[in-house]
Amino acid sequence: MTNPLPLGQWLNAPRPDDTPVAWLDDRTWTLGQLRHDVTLLVDTLRQQEGERWALCFENSYLFIVALLASLHAGKTPVIPGHSRVSLLEEQQYLFSGVLSDRHLDIDGKLIVVASRHQTIARWAPLPEIDENRFVELFTSGSTGTPRRVVKHIVSLDREARLLADRFGARLAGCSVVASVVPQHLYGLTFRIVLPMAMGLPLHAAMLYYAEQLAALPHDRHYLFISSPAFLKRLDTELAAPPVRVLISAGGMLPWRDVSTTVGWLHIWPDEIYGSTETGILAWRHRVEDNLPWLPFPGVSFCQEGEACRVTSPLIHEPEGLQLDDILHFDSAGLFSIAGRRGRVVKIEEKRISLNEIERRLLELDGVCEAAALPVTRGGRQGIGALLVLDEAVRQRGYMQDKKAQEFAWRRALLPWLEPVAVPRYWRVVDEMPVNSMNKRVYAQLEELFHENS
């Protein structure tokens, strides 16, 4: 395995111009074309006064052009969590202008980036990227206000080295395809930084459907960067593509989806635990349900009551960061994830743990997924339970007599939960509402309990 290239050397390292970088359909972009396209955009950006430029791209090759050109031109790439025009206009104070691969109907500066499909005649290395430079990402905070997260270039390089050490030998000869966007750190790291650092060609388009995954040409072997949400929707009747390595992150991957995926692709998934703020923290190769997580080298956890603080070579703050997750450690330093902190509500002056309710709901016969949330009806607050049931229970009980089934569930929960914690309102759905990263969308969950629903 070759050492991964740091981001500042992606263009300047002595590699042949015809090295493939990315492909889409029957078009392949080479390193020579990337050098040409970046050089042109660097010249354009140097003439612009603005310091901070938002990157809004569908094409990953052009995203790389904009990322490298911004950094080599001494600008700061800003990666909003979306490319919707209305939100870009609302958040214009976050950046000086927008770089995109399409025309956007926005006020302010917009540079549309395209590839000239030319190779530079004689490559003159661009000025080094200052090692203190960084990328800004914006995640949606709990208040809905975008939360700024700074990722230094050295941190992205360290993350690529950790991943190369863990997966490098298995990735040799792979092409990279993904069902996640580079607007989040997971997508940025695994879909952009890792393949560029390791010299792996990457697919320039995102995969939205299992049909697109199944239709990939069989003359390559693939590293598939996925989310649990995508794996939940696999159509195993399709012909399986030649995926050599499957990585999943962004949320918990239910065991039944692991089993379905393995039955189709004949490989076990590798899962990554981390966040935009922390970067990668731990890893597991899921061959059975309750395997613990193994921290990456240099990652240290310290319990602070129920909370847990983590330090890592990828975390810029020397004091580390406090996690929202509750972790349980074994004697070997491996851990399991027991839920999230702060999911406690007060009902009739009693503190109720939504995590505990969900845990007990999952123990009910036939319940595959469960979400608990506070619901207010007529000025009175109670607990709502949203369930995904297996097919046998749906047909045998719930669909025939909902009231009787809900009564049976309440009776089964009473030995474990206080009466006010036993759900009063019930909804059964085919699948849990989640976003593209398999995060639950609580606004959508709440809508299911509106009084007219």
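Since we're looking at a predicted model, the values are computed, not measured.

Our focus in this paragraph is the pairing of strand β12 (residues 243-248). Buried residues dominate β12, accounting for five of its six residues. Note that strand β11 (residues 221-226) and β12 share five bridges and pair parallel. Note that in β12 the partner of Phe 224 across the bridge is Leu 246. Two elements, β12 and strand β13 (residues 270-275), share two bridges in a ladder whose sense is parallel. The partner of Ile 247 across the bridge, within β13, is Asp 270.

It is worth spelling out empty space enclosed by the protein at this point. Applying the stated criterion across every chain, the model contains one cavity of 30 Å³ or more. Within this model, the largest cavity holds a volume of roughly 50 Å³. Taken together, Arg 15, Thr 19, Pro 20, Val 21, Pro 195, Met 196, Gly 199 and Leu 200 make up the full set of residues lining the largest cavity. Of all the secondary structure elements, the ones that give two or more residues to the lining of the largest cavity are β1 (20-24) and α5 (185-198).

What follows deals with the packing of helix α4 (residues 153-171) against α5. The contact between α4 and α5 brings their axes to 10 Å, and the two run at 70°. Between α4 and α5, the angle is such that the two are roughly perpendicular. For the crossing formed where α4 meets α5, the hand is right-handed. Of α5, the residues touching α4 (which contributes Leu 156, Glu 159, Ala 160, Leu 163, Ala 164, Gly 168 and Leu 171) are Leu 185, Leu 188, Thr 189, Phe 190, Val 193, Leu 194, Ala 197 and Met 198. Residues of the contact of α4 with α5, tallied by class, amount to 12 nonpolar, two polar and one charged.

What counts and how
Residues numbered from 1 in each chain as written. Predicted model: local features only at pLDDT ≥ 70, side-chain atom pairs only at ≥ 80, totals over all residues. Heavy atoms only, no water. Buried < 20%, exposed > 50% of the residue type's maximum accessible area, 1.4 Å probe, protein only. Helix = DSSP H or I, 4+ residues; strand = E, 2+ residues; numbered from the N terminus. Pairing = 2+ DSSP bridges. 1 Å grid on protein atoms, 1.4 Å probe; cavity = no way out; pocket = protein on both sides within 12 Å on 5 of 7 lines; lining within 4 Å. Points joined across faces, edges and corners; volume = space filled by probe spheres on them. Axes fitted to C-alpha atoms, helices over the stretch in contact; angles between N-to-C directions. Parallel < 35°, antiparallel > 145°, perpendicular 65-115°, else oblique. Left-handed = near helix turned anticlockwise from the far one by under 90°. Contact = heavy atoms within 4.5 Å. Nonpolar A, V, L, I, M, F, W, Y, C, P; charged D, E, K, R; others polar.

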